[in-house]
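In case you want the letters, here they are:
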Amino acid sequence: MTATITNVSGLQVLDSRGRPTVCALITLSDQSVHKVTVPSGASTGRHEALELRDTNSQRAEKFYSGKSVSLAVSHINELIAPTMIGLVPDVATIDQIMIQLDPTPRHEKLGANATLAVSLATLKAGAHSHRQSIARYLQPTGKLQLPMPMVNILSGGAHANGALDIQDVLVIPHGATSFSQALSWVVAIRESAAKRGAEQGFTTNLVADEGGLGIPFASSAKACEFVAQCIESVGLTAGHEVSIALDIAATQFFNDGQYVSRNSGKTFTSEQWSQQLLELLDQAPIISIEDPFAEDDWAAWKSFMTQLPRSIAVVGDDLFTTNAARLAQGIQEKSANSILIKPNQNGLVSSTFDVLSRAKMSNFATIVSARSGESEDTWLADIATGWSAGQIKVGSTHGSERTAKWNRLLELEHSDETVFTNPF
Ligand code: 2PG
Ligand code: MG
């Protein structure tokens, strides 16, 4: 007999930055309990689903700087839970119920942190009911495709107190023939970066929000040159075996229609900023560039796409915010060719999957991504695999909230049910 839902509850727990976040627990009639904690961003796009916090309300807890989430938790306990009791844990059904409870596009009433926690806990419970891993539950037959990791080496922007204008310099080990080999290369590059950074007089024992090194290079070009040298220093070929990916997170330094570079002390129009980026693409072995322009600077994205010097992944994160309507606009206008998929930007598992499927249908590359505020959960690794996303971005190789996801992918590789292919 299929297990049914006997209890649903929410509670406030802490994320990897020590900030409150929402956790949902679902109990099934077989006594099993399925728990999910939702992540939280720092460079949050304006068009993301609403992360409901108690800010400015009477509930706001003083010692959490008003960032407590008791209202979102109460929505799970009081509004969502009663509608789920007795049902089988089926994500499509539960997501529909939550849409009926809160039809606002950004989940403003219930809070996307409440809806996503319940949606993911339902997914977990559903996989359990089918005696499958989440990855296998999402793709019941055939080999599962492990994602190519995109791994943070240097952090700047909102994740490292502005050490660099741009938010991340990452590496993609696309020449590796297995996931474990890919990870071993990246760990070596990360270690080389720490060692070489220290030799150059920088502090490298302190890490940024996602476990990357917050080295304050004078420019993005210098940061890329450094990472390319680190790749070569471990005996790998930059541009062939391992290439650079950037998350510019340009929305963060877009002010009054201008890109304001703290590194150079200069201000750029969209066209000038585009030229800066094209020069950077000429100088360094970069194969992927995320959020090169601000979230609503659509014209700049479109024009940039027509000027690319070679095949480069142009990734929309704040641009698309895992939102179907924004992706549709991007496909129509040819604003990008890749999308970051963050379930908490969307708020529901099923509509996150719809966005990913729509992107794939338009030949967009898809990168399932963690947030800068994370938990020890590993569901992200499973959905990236079960949805054949192609790539995954989890931060660096430091911090248990990051390694939990890498380790889950190693476990999936170990299961012999997977293949690893190069999406580039
Ligand atoms: C991003 C993410 C993850 P945040 O911009 O891609 O690196 O950062 O979660 O802070 O939005
Ligand atoms: Mg980003």
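Predicted, not measured: the structure shown is a model, and the values here were computed from it.

A. Main features of the coordination of the magnesium ion (ligand 2). Taken together, Asp 247 (OD), Glu 290 (OE) and Asp 317 (OD) make up the protein donors of the magnesium ion (ligand 2), found 2.0 to 2.2 Å from the metal. Look at where the donors of the magnesium ion (ligand 2) fall in the sequence and you get D-x42-E-x26-D. Here Asp 247 is found in strand 7 (residues 243-247), whereas its partner Glu 290 is found in strand 11 (residues 286-290), with 43 residues between them in sequence. A single burial state applies to Asp 247 and to Glu 290, both of which are buried.

B. Here's a closer look at the packing of helix 1 (residues 70-84) against helix 2 (residues 91-101). Where helix 1 meets helix 2, the closest approach of the two axes is 10 Å, and the angle between their N-to-C directions is 135°. The orientation of helix 1 with respect to helix 2, classified from their angle, is oblique. The element helix 1 and its partner helix 2 pack so that their crossing is right-handed. Here helix 1 contributes Leu 79, Ile 80, Thr 83 and Met 84 to the contact with helix 2, which in turn contributes Ile 94, Ile 97, Met 98 and Leu 101. In terms of residue class, the contact of helix 1 with helix 2 is made up of 7 nonpolar, 1 polar and no charged.

C. Here's a closer look at the environment of Leu 340. Residue position: Leu 340 is located in strand 13 (residues 338-341). As a C-alpha pair, Leu 340 and Glu 413 span 73 residues in sequence and 23 Å in three-dimensional space. Those residues within four positions of Leu 340 in sequence are excluded, and the remaining contacts are Glu 290, Val 315, Gly 316, Asp 317, Thr 322, Gln 345, Ile 367, Ser 369 and Lys 393.

D. Molecular detail of the site of ligand 1. In the region of ligand 1, 16 residues are neighbours, and Ala 42, His 159, Arg 371, Ser 372 and Lys 393 sit closest. Within the side chain of Glu 290, an N or O atom sits 3.1 Å from an oxygen atom of ligand 1. A distance of 3.0 Å is found between an oxygen atom of ligand 1 and a side-chain nitrogen or oxygen belonging to Asp 317. Calculation on ligand 1 without its partners gives an accessible area of 310 Å², and the protein chains cover 99% of this total. Inspection of the shell around ligand 1 shows a minimum of three residues originating in each of domain 1 (5-131) and domain 2 (144-420).

Here is what the cut-offs are and how they apply
- Residues numbered from 1 in each chain as written.
- Chains lettered and ligands numbered in written order.
- Predicted model: local features only at pLDDT ≥ 70, side-chain atom pairs only at ≥ 80, totals over all residues.
- Heavy atoms only, no water.
- Donors = N, O, S within 2.8 Å, 3.2 Å for Na, K, Ca; no water.
- Helix = DSSP H or I, 4+ residues; strand = E, 2+ residues; numbered from the N terminus.
- Buried < 20%, exposed > 50% of the residue type's maximum accessible area, 1.4 Å probe, protein only.
- Axes fitted to C-alpha atoms, helices over the stretch in contact; angles between N-to-C directions.
- Parallel < 35°, antiparallel > 145°, perpendicular 65-115°, else oblique.
- Left-handed = near helix turned anticlockwise from the far one by under 90°.
- Contact = heavy atoms within 4.5 Å.
- Nonpolar A, V, L, I, M, F, W, Y, C, P; charged D, E, K, R; others polar.
- Near = heavy atom within 4 Å.
- Polar contact = N/O pair within 3.5 Å; in protein donor to acceptor, adjacent residues only side chain to side chain.
- Areas by Shrake-Rupley, 256 points an atom, 1.4 Å probe, with all protein chains shown as cover.
- Domains from an automatic or database assignment.

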